[in-house]
Amino acid sequence: MDDLEQAIVISFETGAVDSALKSQAVTYCQQIKETPSICSICIEKLWFSKLVQVQFWCLQTLQDVLRVKYGSMSLDEKSYVRKSVFSMACLEVIDNENAGRVVEGPPFVKNKLAQVLATLIYYEYPLIWSSVFLDFMLHLCKGAVVIDMFCRVLNALDDELISLDYPRTPEEISVAARVKDAMRQQCVPQIARAWYDIVSMYKNSDPDLSATVLDCMRRFVSWIDIGLVANDAFVPLLFELILSDGLSEQVRGAAAGCVLAMVSKRMDPQSKLPLLQTLQISRVFGLVSGDVDSDLVSKVSALLTGYAVEVLECHKRLNSEDTKAVSMDLLNEVLPSVFYVMQKCEVDSTFSIVQFLLGYVSTLKGLPALKEKQLLHITQILEVIRIQICYDPMYRNNLNSLDKTGLEEEDRMSEFRKDLFVLLRTVGRVAPEVTQHFIRNSLANAVESSSESNVEEVEAALSLLYSFGESMTEEAMKTGSGCLSELIPMLLTTQFPGHSHRLVALVYLENITRYMKFIQENSQYIPNVLGAFLDDRGLHHQNFYVSRRAGYLFMRVVKLLKSKLVPFIDKILQNLQDTLSQLTTMNFASRELSGTEDGSHIFEAIGIIIGLEDVPAEKQSDYLSLLLTPLCQQIEAGLVQAKVASSEDFPVKIANIQFAIVAINALSKGFNERLVTASRPGIGLMFKQTLDVLLRVLIEFPKVEPLRSKVTSFIHRMVDTLGSAVFPYLPKALEQLLADSEPKEMVGFMVLLNQLICKFNSALHDILEEVYPVVAVRIFNVIPRDGLPSRPGAVTEEMRELIELQRMLYTFLHVIATHDLSSVFLTPKSRAYLDPMMQLVLNTSCNHKDITVRKACVQIFIKLIKDWCAEPYSEEKVPGFQNFVIEAFATNCCLYSVLDKSFNFSDANTHALFGEIITAQKVMYEKFGNTFLMHLMSKSFPSAHIPQDLAEQYCQKLQGNDIRSLKSYYQSLIENLRLQQNGSHVFR
């Protein structure tokens, strides 16, 4: 070995080689690469070196040089490289006994040689090297080595240039088109003939070579003349190969791949259909029943599914009755085998089962009636769906305990099933009776298997029933159309095997909830429903996830059945006694779920039942006391314990109090205001006493945000439940909520005040008179009077809280103004905040980026003008307010802000804002009369450069009664002014 060969070998070493030595070797190789004679060096090494590392390095270097420096190479150098590598590929050995034979090297060396030739073809075919393919074929008679090399070159050309399976640059697409066009004209027929002759000759003696040639041919079918391969010579040969038991699976599978390429070739459907007919595809149907893991079965499966897709596409695109009949016959012929493939075999990744079956089912939609064969196909489609949606038993334990693996598998299957369920519902609409019978039989088969090992089958059958219900109309569900009247009783009265498993138990309960419309109409099944939820199938299920989900679903069922459950209240409470006891005493640290399944839904369900007026008053009182008493005791005990708890135990104690408040809140949802205040005030008294207990939480722990928010939520509930009876509790409650409240807590506080104002209107005046100054001082201390600036870039959490606070303030002020409570702003305690409030509302009405907020602020002004300004020339109720409105609001908001080009009249929200601005101007004229008009004419309009005559016309419109005409004129005036000033007005 010379120095270069040694360096190359060392650079390829992966074992224990000195890193410094390897680095030195790599540097040396790189230096050699940069020498002007590198092509000659590489060619010489390729002829004489038998080291595969050296051969590979030289070929890679040649390819790099061609790609990077081809344009700068001399003609002689290009010719030398071309002739040399072509001679190597064609086994033209030079007259030297020491010469090496690259084409007899390992596959990776031969592939690299093929890539070098493909690179030369890229640059030189057909203009410079027009005879490359014809010259190569002259050497095919030398046997397997050259034939193999020829196929590798064609494959490299496909990989590097022609195939659209890889992203291509515009230049590559252009070169590919040039190469393909030249090949079609010059040599493709000869290449196709060579494929045929080689496969015919070598199919028995060298099956690997035959398979290589067939795989090469498969790649080219998509762009060559179909007649070169789909003919009386090739098609019989291919099917002979596919059907020959004595041949290797590799050859048979490669032949199937070629037929699939013919079938999949893009063609006009008028031409494609006769081709599909002539194939007589039924000859290979029997092959898919072999070993499902074999390569041949996989290839034939892909052929059959691809064939079916093309036949279906022809059926869709052809319009004549004859061609539709032919395509449907072909489809009917192949479908049983396709269904078998879907159920038993590994389906090719490029084939979408769901899309194909949806396409087939859509062809059946327009038919007046389905034939027996089509009904059979529908059943087979349903069986495919059933098999596809089954979970893999290997994940059974993971899915039951819902560990990380189980959660991932459930998420994956949930996504995978979506399209299959769409298909199920589509089939259900085309053939509802067949679908229902299939589901019934699936359930029956699942029940017959008493073994717990049938979990996946049972879950799949129940999931079919659940998904099918999504497409049913409410009427069909009520009447139990088809065999639904048999299915639902079967569901309710059957003990399904595998019910102890989480998946089966959950989908079972989901089914009952989905089909409640039927049960509402057939109340004889209510005991069965209650049994399912109250026994070990539901709330008492051994799996925690099931029992909690059962609580939520039970609440939904109760909402639907309501008064029909009154006869069963005692039974329900008796069955839930242990569950309720557990929820009110268990340590919160042991609760595994939160949110929608935290257990509070059981209390909501019970509240709905016992809150009905159908329940006798005495019993209702007893039931409520039975539930509220332990919950209040839990809160009182929790308050005592939390005071002395360690830092580790404190969060747990707080969480227990929090849950009890949530449970009480949920329980109260079943009681309405009329019941607790008018017909049964004793119930109202119980809730008042409970409110007293909860307000103590605010006194003891005013700064614990979770408790604060939960108590606030309960106060919201009591406002709706107790009505005006809640008034005596409001001062104390609001005082505690206001104490040391942070900006984000003020948001929740104002939401509560908004609810109170909307509920009680002016009756809340005295309370609001005391509260508003405290709210105002808190907010105006953190929000500047011109509002928060819209700063570019990331918004901090603190800024986000202030923005939310400011937005809620606008809502709060709007609610006060529009509920006849604006006098609150004028009380002695509030007067100090009038100016900052007005400045903030003014600035927002002009500049806020949210148009809906600006509109609300304009509406505030309109209401305040109406409330605080008497008729013209009367004494002012609020000194200085009229001047402020005319000089600041009328000019800045009603004129300057509208002139700004950002005020987009084509936007719906902006147009609504413009309508409010017109209303404001109308109200100002009604209240201020000529004072307002004189200001417009003497100051506002001249400052905006509005011509005198146009200003006068506007004032005339303003004094008239046609508001639509006024709005139209003002918009036209603004748009004309913008054109004159090019939107460059500077606002004041």
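Keep in mind that this is a model prediction, so the values were computed, not measured.

### With respect to the overall build of the protein
Helix and strand content of the protein: 46 helices and zero strands. Pairs at least 24 residues apart make up 73% of the contacts formed inside the protein by residues separated by at least 6 positions. Taken as a whole, the protein presents about 43,600 Å² of accessible surface, with 50% of it coming from carbon and sulfur. Between the centroid of the 94 positive side chains of the protein and the centroid of its 115 negative side chains there is a distance of 5 Å.

### Focus on the pattern of salt bridges
A full pass over the atoms with the stated rule returns 44 salt bridges. Ionic contacts of the salt-bridge type, sharing partners, join the residues Asp158, Asp159, Asp215, Arg218 and Arg219 into one network.

### Topic: the UniProt feature "domain: Exportin-1/Importin-beta-like" (unreviewed entry) in the protein
According to UniProt, the "domain: Exportin-1/Importin-beta-like" (unreviewed entry) feature falls on residues 106-258. Overall, residues 106-258 shows 71% helix and 0% strand. The separation of its end C-alpha atoms is 27 Å.

### Some words on unusual backbone geometry
Here the residue pair Tyr125 and Pro126 is connected by a cis peptide bond, since its omega of 0 degrees sits within 30 degrees of zero. Tracing the backbone shows Pro126 in the loop between helix 6 (107-124) and helix 7 (132-137). Even without being a glycine, Leu402 presents a positive backbone phi close to 55 degrees. Summarising the element assignment, Leu402 is placed in the loop between helix 19 (396-401) and helix 20 (404-430). When its relative accessible area of 17% is taken as the criterion, Leu402 is described as buried. Unusually for a residue other than glycine, Asn761 sits at a positive phi of about 50 degrees.

### Observations regarding empty space enclosed by the protein
Scanning the entire structure with this criterion turns up two cavities of 30 Å³ or more. Estimates place the volume of the second largest cavity at around 30 Å³. Residue lining of the second largest cavity: Tyr391, Arg396, Leu399, Val455, Glu456, His501 and Leu503, and that is the complete set. For the lining of the second largest cavity, the secondary-structure elements that each account for two or more residues are helix 19 and helix 22 (455-469).

Rules used throughout
- Residues numbered from 1 in each chain as written.
- Predicted model: local features only at pLDDT ≥ 70, side-chain atom pairs only at ≥ 80, totals over all residues.
- Heavy atoms only, no water.
- Helix = DSSP H or I, 4+ residues; strand = E, 2+ residues; numbered from the N terminus.
- Contact = heavy atoms within 4.5 Å.
- Areas by Shrake-Rupley, 256 points an atom, 1.4 Å probe, with all protein chains shown as cover.
- Lys, Arg positive; Asp, Glu negative; His and termini not counted.
- Charge placed at Lys NZ, Arg CZ, Asp CG, Glu CD.
- Salt bridge = Lys/Arg side-chain N within 4 Å of Asp/Glu carboxyl O.
- UniProt positions renumbered as here; feature names shortened; annotations may be inferred.
- Buried < 20%, exposed > 50% of the residue type's maximum accessible area, 1.4 Å probe, protein only.
- 1 Å grid on protein atoms, 1.4 Å probe; cavity = no way out; pocket = protein on both sides within 12 Å on 5 of 7 lines; lining within 4 Å.
- Points joined across faces, edges and corners; volume = space filled by probe spheres on them.

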